[in-house]
Amino acid sequence: MKKTIVVALTGASGIKIGDYFLKKVYDFKDLFDRVFVVISKNAFYVAESEGFKLDIDFYRNNFILEEEKNLASPIASGSYRFDGMVIVPCSMSSLGAIANGSGTNLIHRAADVCMKERRKLIIVPRETPFSYIHLENMRKLSLAGAHIVPFIPSFYNKPESIDDMLDFFSLRLFDLLGFSIKDNKRWGVDE
Ligand SMILES: Cc1cc2nc3c(=O)[nH]c(=O)nc-3n(C[C@H](O)[C@H](O)[C@H](O)COP(=O)(O)O)c2cc1C
């Protein structure tokens, strides 16, 4: 069955991880009814600092691009049926706001909706090292049902480039969303 999902990019390092995942979602667009995309103001700052150009026209043309301040968006309400949300990358600031129910923007609110409605919430935190506060916030989110999925590249698939790593990681995010995409780089699957 096709799914409706939300993908959010926040102001943590590794904006490319989120962009790569979105391009993969586009590659598999037949799996989705709707894809909402929310990019925080700080994600734009970080992208610029990382020398990464966010292709807003691509997002606008292929997805439903929402402003982070638009709390009137359908995804701000539990009554709107969407299946899950991926926050990639997720800053410690957004993570803390979501863990403590103190969010003020659409990203935090949609994540809150996922937890209260018991929908998939997949968080890709980016920070190192983690402080006790970060770990405690992640523990709370995990107890509330969220998946905490740091970008820790696999090596058994023998990556030869960063894109290979991002490709394999994106596949894991698809798995967690409930899709099973055939890929012969999975452990135990013959080439
Ligand atoms: C270049 C740059 C890199 C940053 N990297 C991180 C990071 O990896 N993790 C993190 O938690 N915050 C990082 N920050 C700080 C966040 O951008 C900041 O906490 C911001 O308030 C996050 O806002 P947002 O979650 O609404 O996007 C970075 C900031 C800058 C300018």
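Structure's up top.
Read on for an overview of the structure. (Residues numbered from 1 in each chain as written. Predicted model: local features only at pLDDT ≥ 70, side-chain atom pairs only at ≥ 80, totals over all residues. Heavy atoms only, no water.)

### Quick word on the pattern of salt bridges
A full pass over the atoms with the stated rule returns nine salt bridges. Close ionic contact of lysine 24 with aspartate 167 constitutes a salt bridge, the shortest N to O distance being 2.9 Å. Pair noted here: lysine 24 is in helix H1 (residues 15-27) and aspartate 167 is in helix H7 (residues 162-177), with a separation of 143 residues, a long-range link. Ionic pairing is found between glutamate 117 and lysine 116, a salt bridge with its closest N-O pair at 2.8 Å. Judged by its relative accessible area of 45%, lysine 116 falls in the partly exposed class. (Salt bridge = Lys/Arg side-chain N within 4 Å of Asp/Glu carboxyl O. Helix = DSSP H or I, 4+ residues; strand = E, 2+ residues; numbered from the N terminus. Buried < 20%, exposed > 50% of the residue type's maximum accessible area, 1.4 Å probe, protein only.)

### Some details on the sheet that holds strand E3 (residues 64-66)
The strand order E3-E2-E1-E4-E5-E6 describes an open sheet built from six strands, whose pairing is parallel. Each of the sheet's edge strands pairs with one partner strand only, and the pair in question is E3 and strand E6 (147-148). For strand E1 (residues 3-9) and strand E2 (residues 32-39), the ladder comprises seven bridges, and the chain directions are parallel. Bridge pairing in E2 places lysine 3 opposite phenylalanine 32. Across the sheet, H1 lies against E1, E2 and strand E4 (84-90), angled at about 160° from E1, the strand it touches most. Lying over the sheet, H7 contacts E1, E2, E4, strand E5 (120-125) and E6, oriented at roughly 155° with respect to E5. (Pairing = 2+ DSSP bridges. Contact = heavy atoms within 4.5 Å. Axes fitted to C-alpha atoms, helices over the stretch in contact; angles between N-to-C directions.)

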